[in-house]
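Listed below are the residues making up each chain.
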Amino acid sequence: VDPVLPEDDEKYGYIYPATFLGHDGLAGAFFTAQAIVGGPPVETEGSDFEGRYFFSNFPREAQIYYSMVEDLMNATTMGPPESLTLAPIYNAKLRYYASDAAYAANTPTGTYEFFNTVQNLLEDDPNHNENLGPNLDRTDLRIGQGIYGELLFISKRVGTIYVVKNSLPETTAKPDV
């Protein structure tokens, strides 16, 4: 936290962020991926991701980050600068299955791949990379939630919705669609 913050912001009711994601580069320089997008917190009991809040630097490479909701709620966001605290931010890796059959098999023989960013996934996936066109540097990621509480990653750039399969407990009944 910047030590030159005003000491009296609390009397004005100013609330500082519970966490923040900085930009690389010098102040005033042109930055890529300046915008951050977030979705709803995962509240589905029994989910692998229960209690996490996912967010991303959405316009460009779409690195996925998360913080624990409890840490965000417990961050000190008001008071003198030396008392402020931030929730930790973690990097998430994407484990991508090209089909539901590969997801169901989930064998260690290479039925899935790990990606650091949504952009890497889109560039590597032959089902989607022909739709990227000339602007390969954009993903325009959005984060949403399905009707059962499942986490959704939506690439506006290629018009694809990715369902985060392990954002629901295994016992969740889903209709045949």
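The present account deals with the structure reproduced in this document. (Residues numbered from 1 in each chain as written. Predicted model: local features only at pLDDT ≥ 70, side-chain atom pairs only at ≥ 80, totals over all residues. Heavy atoms only, no water.)

### Observations regarding the overall build of the chain
Secondary structure assignment for the chain yields three helices and nine strands. Residues classed as buried in the chain amount to 38% of the 177 residues present. Sequence-distant contacts in the chain: of pairs separated by 6 or more residues, those separated by 24 or more amount to 48%. (Helix = DSSP H or I, 4+ residues; strand = E, 2+ residues; numbered from the N terminus. Buried < 20%, exposed > 50% of the residue type's maximum accessible area, 1.4 Å probe, protein only. Contact = heavy atoms within 4.5 Å.)

### Observations concerning the sheet that holds strand 8 (residues 151-155)
Here three strands make up an open sheet; going across it, the order is 7-8-9 and the pairing antiparallel. In this open sheet, the two edge strands, each paired with only one partner strand, are strand 7 (141-145) and strand 9 (160-164). Across the sheet, the mean angle separating the axes of adjacent strands is 25° when strand polarity is ignored. Direction of pairing for strand 8 relative to strand 9: antiparallel, over a ladder of five bridges. Bridging across to strand 9, leucine 151 finds its partner in valine 164. (Pairing = 2+ DSSP bridges. Axes fitted to C-alpha atoms, helices over the stretch in contact; angles between N-to-C directions.)

### Notes on the pairing of strand 2 (residues 52-56)
Across the five residues of strand 2, four count as buried, placing the element largely inside the fold. Sheet topology note: the strand 2/strand 3 (residues 64-68) ladder contains five bridges and is antiparallel. Note that in strand 3 the partner of phenylalanine 54 across the bridge is tyrosine 66.

### Some thoughts on the sheet that holds strand 3
Paired through backbone hydrogen bonds, the strands of a sheet run either parallel or antiparallel to each other. Read across the sheet, four strands follow the order 1-2-3-4 without closing on themselves; strand pairing throughout is antiparallel. Since the sheet does not close on itself, it has two edges, and those belong to strand 1 (37-38) and strand 4 (90-91), each with one partner. When strand 3 meets strand 4, the two strands line up antiparallel, connected through two bridges. From the neighbouring strand, tyrosine 66 faces strand 4, where its bridge partner is tyrosine 90.

### Re the pattern of salt bridges
Inspection of every chain in the model, using the stated rule, returns one salt bridge. The salt bridge partner of aspartate 8 is lysine 11, with a shortest N-O separation of 3.7 Å. Among the residues examined, aspartate 8 registers a relative accessible area of 33% and is labelled partly exposed. (Salt bridge = Lys/Arg side-chain N within 4 Å of Asp/Glu carboxyl O.)

### Notes on the nonpolar core
Grouped together as the largest cluster of nonpolar side chains are 22 residues, with contacts concentrated most on Phe54, Ile64, Leu141 and Phe153. Those elements that place two or more of their residues in this core are strand 3, strand 5 (94-97), helix 3 (118-124), strand 7, strand 8 and strand 9. The residues touching phenylalanine 54, leaving out its near neighbours within four places in the chain, are Gly38, Gly39, Val42, Phe49, Ile64, Tyr65, Tyr66, Ala92, Ile143 and Leu151. (Core = buried A, V, L, I, M, F, W, Y, C linked by side-chain atoms within 4.5 Å.)

### Thoughts on the packing of aromatic side chains
What the rule picks out here adds up to six aromatic pairs. Ring plane angle 75° and centroid distance 4.6 Å describe the contact between tyrosine 14 and tyrosine 16, whose orientation is recorded as edge-to-face. Here tyrosine 16 falls in the buried class, since its relative accessible area comes to 13%. In textbook terms, an aromatic cluster arises when at least three aromatic residues are bridged by ring pairs, as seen for Phe49, Phe54, Tyr66 and Tyr90. (Phe/Tyr/Trp six-rings, centres within 6.5 Å; stacked < 30°, edge-to-face > 60°.)

### Topic: the environment of glycine 159
Relative to the elements of secondary structure, glycine 159 occurs in the loop between strand 8 and strand 9. Separated by 18 residues in sequence, glycine 159 and leucine 141 have C-alpha atoms that sit 10.0 Å apart.

### Let's talk about the side chain of threonine 77
Checked against the element boundaries, threonine 77 lands in the loop between helix 1 (69-74) and strand 4. Using a relative accessible area of 16% as the deciding quantity, one classes threonine 77 as buried. Ignoring sequence-local partners within four residues, the contact set of threonine 77 consists of Tyr14, Ile15, Tyr16, Pro17, Ala18 and Leu84.

### Details of the pairing of strand 8
Within strand 8, four of the five residues are buried, leaving the element largely enclosed by the surrounding structure. As consecutive antiparallel partners, strand 8 and strand 9 are separated by four residues, and within that stretch glycine 159 has a phi angle of approximately 70°, a positive value.

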